[in-house]
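Structural characterization, general
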Amino acid sequence: MIGEIVDAVGLALNEAFGNHYAVYREETGKDMDAPCFFVYCSAQRNAQISRQKYLRSNTFCIQYIPSTTDIRAECNEVIERLFDCLEYIKVESSLLRGRKMEAKIKDGVAHFFLNYDFYVYKKEETEAMGTLTRHIEVKGQVEDGCKEKSCGE
């Protein structure tokens, strides 16, 4: 599911910024043409809500590497657009809402953090019951549901 969310974030970035900005999934260090985005999941949490229901909280980081010498202004402009374009992303046939959005600029790179949380339902493996037999007497007649004497006792 994390890979699908990263892909959906990449699509949202392409829609908002066009194809002029490359979107990377893995930090290569080299061959990253600025301006570009680097998208990854920085933390994952799993909390049990009920017997079969779990809340998966996933914190994502979108780094923006600017191309101009006016780094802070460019990063602030991109951050403003990220708040809007990443609020909702489409993953498979459903929408995920970005929560806990925050951003900071450090060492000339914009770091944008947000959570995409969803519920997971685990199917319990249950063992089928054995056979059930019955013995009923109605006014002296015995129903043929149980052939053994110990069933109704």
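Keep in mind it's a predicted model, so treat the numbers as computed, not measured.

**A word on the environment of Val 120**
Structurally, Val 120 is set in strand β6 (residues 109-121). On the basis of relative accessible area, Val 120 is assigned to the buried category, the value being 19%. Sequence separation between Val 120 and Lys 53 is 67 residues; the distance between their C-alpha atoms is 5.9 Å. Ignoring any residue separated from it by four or fewer positions in sequence, one finds Val 120 in contact with Gln 52, Lys 53, Tyr 54 and Arg 56.

**Some words on the pattern of salt bridges**
Applying the stated rule across the entire model yields three salt bridges. Glu 87 serves as the salt-bridge partner of Arg 97, at 3.5 Å between the closest nitrogen and oxygen. With Arg 97 in strand β5 (residues 94-106) and Glu 87 in the loop between α2 (71-85) and β4 (88-91), this pair connects stretches of sequence that are 10 residues apart. Glu 87 sits in the partly exposed class, given a relative accessible area of 28%.

**Thoughts on α2**
Across its 15 residues, α2 extends 21 Å between first and last C-alpha, which sits within 8% of the 21 Å expected from 1.5 Å per residue. Within the sequence span of α2, burial applies to Glu 74, Cys 75, Val 78, Ile 79, Leu 82 and Cys 85. Buried residues in α2, looked at end-on, bunch into an arc of 135 degrees, giving them a common side. Turned more than 90 degrees away from the buried face of α2, the exposed residues are Arg 72, Glu 77, Glu 80 and Asp 84. Each element contacted by the buried residues of α2 is listed here: α1 (2-17), β2 (36-48), β3 (53-65), β4, β5 and β6.

Quick notes on the rules
Residues numbered from 1 in each chain as written. Predicted model: local features only at pLDDT ≥ 70, side-chain atom pairs only at ≥ 80, totals over all residues. Heavy atoms only, no water. Helix = DSSP H or I, 4+ residues; strand = E, 2+ residues; numbered from the N terminus. Buried < 20%, exposed > 50% of the residue type's maximum accessible area, 1.4 Å probe, protein only. Contact = heavy atoms within 4.5 Å. Salt bridge = Lys/Arg side-chain N within 4 Å of Asp/Glu carboxyl O. Expected span 1.5 Å × (residues − 1). Arc of directions from axis to C-beta.

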